[in-house]
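Secondary and tertiary structure notes
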Amino acid sequence: MNYFFNLIRWKNLLIIALMQYVIKYGLLLPFQESHGVLITLSDFNFFLLALATVCIAAGGYIINDIYDIETDKINKPKQLIINKHISEKNATTLFVVLNIIGVGLGFYLSNGIGKPTFFVIFFITSALLYLYASYLKQIAVVGNVIVSIVVSLSILLVGVFELIPVMNVQNKAVQTTFLNIIRDYAFFAFMINLIREIVKDFEDIDGDYKAGIQTLPIVLGRERSSKILFILSLVPIFSIVYYVITYLFKQQIVVGYFLVLVVAPLIFVSIKIFSAKNKTDYKHISLILKWVMLAGILSLMLYKFIILK
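Summary of the structure given here. All of these numbers come straight from a predicted model, not from anything done at the bench. (Residues numbered from 1 in each chain as written. Predicted model: local features only at pLDDT ≥ 70, side-chain atom pairs only at ≥ 80, totals over all residues. Heavy atoms only, no water.)

1. Details of helix α14 (residues 279–298)
For α14, which comprises 20 residues, the first-to-last C-alpha distance of 29 Å matches the rise-based estimate of 28 Å (1.5 Å per residue) to within 8%. Buried within α14 we find D281, Y282, I285, S286, I288, L289, V292, M293, L294, A295, G296 and I297. Residues of α14 that are buried sit in contact with α2 (10–28), α8 (142–162), α9 (172–203), α12 (222–248) and α13 (252–275). N-cap assignment for α14: the residue whose side-chain oxygen lies 3.2 Å from the backbone N of T280 is N278. (Helix = DSSP H or I, 4+ residues; strand = E, 2+ residues; numbered from the N terminus. Expected span 1.5 Å × (residues − 1). Buried < 20%, exposed > 50% of the residue type's maximum accessible area, 1.4 Å probe, protein only. Contact = heavy atoms within 4.5 Å. Polar contact = N/O pair within 3.5 Å; in protein donor to acceptor, adjacent residues only side chain to side chain.)

2. Focus on the packing of helix α6 (residues 88–112) against helix α7 (residues 119–134)
At a minimum axis separation of 7 Å, α6 and α7 run at an interaxial angle of 160°. When the interaxial angle is binned, α6 and α7 end up roughly antiparallel. Crossing angle aside, the handedness with which α6 passes α7 is right-handed. The segment α6 lies against α7, with F95, N99, G102, V103, G106, F107 and S110 engaging F119, F122, F123, S126 and Y130. Along the lines of polarity and charge, the residues of the contact of α6 with α7 split into seven nonpolar, five polar and no charged. (Axes fitted to C-alpha atoms, helices over the stretch in contact; angles between N-to-C directions. Parallel < 35°, antiparallel > 145°, perpendicular 65-115°, else oblique. Left-handed = near helix turned anticlockwise from the far one by under 90°. Nonpolar A, V, L, I, M, F, W, Y, C, P; charged D, E, K, R; others polar.)

3. Regarding the side chain of N12
Tracing the chain through its elements places N12 in helix α2. Accessibility expressed as a relative area gives 15% for N12, which makes it buried. Of the polar contacts made by the side chain of N12, one reaches the side chain of Y61; its length is 3.2 Å.

4. Topic: the nonpolar core
Core analysis: the largest hydrophobic core is formed by 101 residues, its most contacted members being L27, L28, F161, F258, L300 and Y303. Per element, the largest residue contribution to this core is 16 residues, and it comes from α9. (Core = buried A, V, L, I, M, F, W, Y, C linked by side-chain atoms within 4.5 Å.)

5. Observations concerning α8
With 21 residues, α8 should cover 30 Å at 1.5 Å per step; its first-to-last C-alpha distance of 30 Å lies within 8% of that length. A maximum bend of about 35° is found in α8 at I155. Burial analysis of α8 places 16 of its 21 residues in the buried class, the great majority of the element. (Bend = angle between axes of the 7 residues up to and from the residue.)

Right, here's the structure in full:
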């Protein structure tokens, strides 16, 4: 059972679900009465939305590991699960089952809120994760962008399902304001994940090279790729500083939160990119970026103190 949970990256799935719950219960619900924010899903249906997201993401991790068997033998032999603890056949079955559940729940929820076309989001996400694992990850940067889009979609999904179905002429301004906040955080998640995916390419360069996967550091070399990665790492720093100055500057506690838990670690990452030499260094950077994303999303819980103040 432990191997199954490791295969589906249960810690990452927990973070995905937590991010979605923070958006609904930390950002949207506190403003129902005070600002007239309307939400669509009941607690149970929201649980189904999170479950659908987690199932599709879990399926994505599995299919990625199936296609990465040979590279993982080089990059992380001690963490190898497929064909060592779980057969490829069983892993494939799990992938299919998880996607059926995820896409099926998406179909049920989309029809339940009277927006059947929203079902396409789940289908496309599932298809993108399969295409990524089987083909797109072999194309420099393209695979990184696809994964980052999927991560940002898991955040946007909450706004799409909660705010859009009950949007009308009277509440459009309020609903749009909160939808824009969620959009901004989805962009934040996209950028952090894109940087993290490229960092992981540096981490896995040996196995990817032998497998013929054309990642950025393989195509352009470590030195030039490091410079590109450094420039990319500056984008979220400047974006967050601009966001804080523009919208949150009067809230000292919030400014302190962003500076200490988001901006400072990102500056450290930017500096560390130039000094990183081995797999351990890149793994450390990747871990910091994961926690930065979590800290950034958790900041949504501060908005009830900002807007209601």
